[in-house]
Amino acid sequence: GTSVGYLRPETAQGLFVNFRRLLDLNAGKMPFAAAQIGLGFRNEIAPRSGLLRVREFCMGEIEHFVNPDDKSHPNFKSVAAKELVLFG
């Protein structure tokens, strides 16, 4: 389709739900970052024995919130052209 999609970390939902509170705690100024540690769960099915169990994982994320239209941060020019190689 033509819709734009964004991937989101699994435990970070609370960071997005509480965005307004996080912004208020940062005096209404962006950019800011927030970190969260939480539990994620996976259901596992063993085909031979029909076993269904829940696996628990401890995960953590750090989200950086920025205003894409505001380029006035003093360090913006030093990172503007940086490229991350995720798979190389």
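Residues numbered from 1 in each chain as written. Predicted model: local features only at pLDDT ≥ 70, side-chain atom pairs only at ≥ 80, totals over all residues. Heavy atoms only, no water.

Visitor: Break down the overall build of the protein chain for me, with residues and values.
Guide: Along its length, the protein chain carries three helices and two strands. Ordering the α and β elements of the protein chain from the N terminus gives α-α-β-β-α. Out of the 88 residues belonging to the protein chain, those deemed buried represent 12%. Considering only contacts in the protein chain between residues 6 or more positions apart, those separated by 24 or more positions represent 46%. For the protein chain, the accessible area works out to roughly 8,000 Å², and carbon and sulfur atoms hold 56% of it. (Helix = DSSP H or I, 4+ residues; strand = E, 2+ residues; numbered from the N terminus. Buried < 20%, exposed > 50% of the residue type's maximum accessible area, 1.4 Å probe, protein only. Contact = heavy atoms within 4.5 Å. Areas by Shrake-Rupley, 256 points an atom, 1.4 Å probe, with all protein chains shown as cover.)

Visitor: How would you explain unusual backbone geometry if you had to name every residue and give the values?
Guide: Residue Pro31 is bonded to the preceding Met30 through a cis peptide linkage, with omega at 5°. Along the chain, Pro31 turns up in the loop between helix H2 (19-25) and strand S1 (32-46). Of note in the backbone geometry, Ala27 takes a positive phi value of approximately 60° without being a glycine. Tracing the backbone shows Ala27 in the loop between H2 and S1. Overall, the relative accessible area of 60% leaves Ala27 in the exposed class.

Visitor: Any chance you could break down a nonpolar patch on the surface for me, citing the residues and the numbers?
Guide: On the surface, a cluster of nonpolar side chains totalling about 300 Å² of accessible area is made up of Leu39, Phe41 and Val54. Relative to the elements of secondary structure, Leu39 occurs in strand S1. (Patch = residues over 30% accessible without salt bridge, like charges linked within 9 Å, V, L, I, M, F, W, Y side chains within 5 Å. Salt bridge = Lys/Arg side-chain N within 4 Å of Asp/Glu carboxyl O.)

Visitor: Which residues make up the environment of Ile37, and what values go with them?
Guide: Mapped onto the secondary structure, Ile37 falls in strand S1. On a C-alpha basis, the gap between Ile37 and Ile62 in space is 8.9 Å, while along the polypeptide they are 25 residues apart.

Visitor: Got a sec to walk through the environment of Ser72? Specific residues and values, please.
Guide: Within the secondary structure, Ser72 sits in the loop between strand S2 (51-65) and helix H3 (76-79). One polar contact links Ser72 to Asp70, side chain to side chain, over a distance of 2.6 Å. (Polar contact = N/O pair within 3.5 Å; in protein donor to acceptor, adjacent residues only side chain to side chain.)

Visitor: Now, about the packing of aromatic side chains: what can you tell me, with residues and values included?
Guide: In total, this model carries four aromatic pairs according to the counting rule given. Aromatic pair Phe16 and Phe65: ring centres 5.8 Å apart, planes at 80°, arrangement edge-to-face. Taken together, the residues Phe16 in helix H1 (residues 13-17) and Phe65 in strand S2 connect sequence positions 49 residues apart. Judged by its relative accessible area of 38%, Phe16 is partly exposed. A relative accessible area of 10% places Phe65 in the buried class. With 5.2 Å between their ring centres and 55° between their planes, Phe19 and Phe65 make a pair best called tilted. Of this pair, Phe19 sits in helix H2 while Phe65 is found in strand S2, placing the two residues 46 residues apart along the sequence. A connected cluster of aromatic rings, assembled from ring pairs, spans Phe16, Phe19, Phe32 and Phe65. (Phe/Tyr/Trp six-rings, centres within 6.5 Å; stacked < 30°, edge-to-face > 60°.)

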